[in-house]
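Commentary on secondary and tertiary structure
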Amino acid sequence: MHKNYKKDDLRVKRTEKLIFDALITCTIQKGFSAVTVGEITDKAGINRATFYRHYNDKFDLLNQYTQTVFGMLTAQNGKINNSSSHVLPISLIKIFEHVRENALFYRVMLGKNGDPNFAEKIRIYIQKRIEHSLPKNLIIDKRIELFINYSSHASFGAVLWWLENDLPYSSEEMIRILQHLESENLKDILKSF
């Protein structure tokens, strides 16, 4: 993006939303690898020069989108009590709600017609969240590293299942299910110490 563009300018935000919405539409229709910048600009109703003022290519667009989403999601700290004794992190609820609201896009992007680099960024993001959720005094050894790696892949797979099965559970239910599974697996690993 050129330096003279201000990210908080309403026109810039509007243009970036048009571009991203066009990316979503084209990705759903064709799969990410087949989408061209020309198709994105046609769908967004802008010219190529405007696109290139904001992004280097479709990969830069996707990368900037990913960073924006991660920034938005991690900015939310705190917890919410959701009709039970279990307290759920607001940021985790926001993540699942974001995925729910953009289910078609994520179904394509995380599936076989998506971008493997994007999918891996999502899995690594999940892995970091799992690492940060562990007790601070926990000694990280090979078994805990294995647990973190296993849990991040399993959680990623669960999100894919959720998407592919038309979101049969609410965001809160999915979080509770995953937290329960991770908790039980961690208990089993800790017993082996």
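Residues numbered from 1 in each chain as written. Predicted model: local features only at pLDDT ≥ 70, side-chain atom pairs only at ≥ 80, totals over all residues. Heavy atoms only, no water.

1. Observations concerning the packing of aromatic side chains
As a reminder of what qualifies: Side-chain rings of Phe, Tyr and Trp, where Trp is taken by its six-membered ring, are said to pair if the distance between their centres is within 6.5 Å; with planes under 30 degrees apart they count as stacked, over 60 as edge-to-face, and otherwise as tilted. The criterion is that NZ of a Lys, or CZ of an Arg, lies within 6 Å of the ring centre and within 35 degrees of the ring normal, and then a charge sits over that ring.
A complete count under the given rule lists 11 aromatic pairs for this structure. We note Lys-58 situated over the ring of Phe-32; from NZ or CZ to the ring centre the distance is 4.6 Å.

2. Considerations on helix H7 (residues 116-133)
The line we're drawing: Think of it this way: any DSSP run of H or I at least four residues long counts as a helix, any run of E at least two long counts as a strand, and we number them from the N terminus. Given a helix with a known number of residues, its expected span is that number minus one, times 1.5 Å. Remark: exposure states derive from per-residue accessible area (1.4 Å probe, protein chains only) relative to the maximum for the residue type, with buried under 20%, exposed over 50%, and partly exposed in between.
For H7, built from 18 residues, the straight-helix expectation of 26 Å at 1.5 Å per residue is met to within 8% by its first-to-last C-alpha distance of 26 Å. Among the residues of H7, those classed as buried are Phe-118, Ala-119, Ile-122, Arg-123, Tyr-125, Ile-126, Gln-127 and Ile-130.

3. Some points on the confidence of the model for the protein chain
Where we set the bar: Per-residue confidence from the predictor is reported as pLDDT, which spans 0 to 100.
Residue-level pLDDT values for the protein chain average 84, and 87% of them are 70 or greater. No element of the protein chain has a lower mean pLDDT than strand E1 (residues 79-81), at 43, and none a higher one than helix H2 (residues 37-44), at 98.

4. Some points on the environment of Glu-97
For Glu-97, the position within the fold is in helix H5 (residues 90-101). On the basis of relative accessible area, Glu-97 is assigned to the partly exposed category, the value being 27%. As a C-alpha pair, Glu-97 and Ser-171 span 74 residues in sequence and 6.2 Å in three-dimensional space.

5. Here we look at H5
Look at H5: 16 Å from first C-alpha to last across 12 residues, which is about the 16 Å you get at 1.5 Å a residue. Ser-91, Leu-92, Ile-93, Ile-95, Phe-96, His-98 and Val-99 are the residues of H5 that are buried.

6. A short note on the environment of Ile-24
Rule in force here: Note on definitions: a residue-residue contact is assigned when non-hydrogen atoms from the two residues lie within 4.5 Å.
Turning to its location among the elements, Ile-24 is positioned in helix H1 (residues 10-30). In this structure the C-alpha to C-alpha distance between Ile-24 and Asn-102, which are 78 residues apart in sequence, comes to 8.8 Å. The contacts of Ile-24, once residues within four sequence positions are left out, are Asn-102 and Phe-105.

7. Here's the deal with the nonpolar core
How we decide: Residues enter a nonpolar core if they are buried and are Ala, Val, Leu, Ile, Met, Phe, Trp, Tyr or Cys, with the set joined through side-chain atoms within 4.5 Å.
Phe-96, Phe-105, Tyr-106 and Leu-110 are the most contacted members of the largest nonpolar core, which totals 53 residues. Going through the elements one at a time, H1, H2, helix H4 (58-75), H5, helix H6 (103-109), H7, helix H8 (142-164) and helix H9 (171-191) are the ones with two or more residues in this core. Among the elements that make up this core, the one with the highest residue count is H8 (nine residues). Apart from residues no more than four positions distant in its own chain, Tyr-106 is found in contact with Tyr-65, Val-69, His-98, Val-99, Gly-111, Phe-118 and Leu-163.

8. Describing the pattern of salt bridges
Here is the rule we go by: Salt bridges are identified by distance alone: a Lys or Arg side-chain nitrogen within 4 Å of an Asp or Glu carboxyl oxygen.
In this structure the tally under the stated criterion is eight salt bridges. Lys-30 is paired through a salt bridge with Glu-39; the nearest N and O atoms lie 2.5 Å apart. On the basis of relative accessibility, which here comes to 39%, the residue Lys-30 falls in the partly exposed class. Of the residues examined, Glu-39 reaches a relative accessible area of 25% and is grouped as partly exposed.

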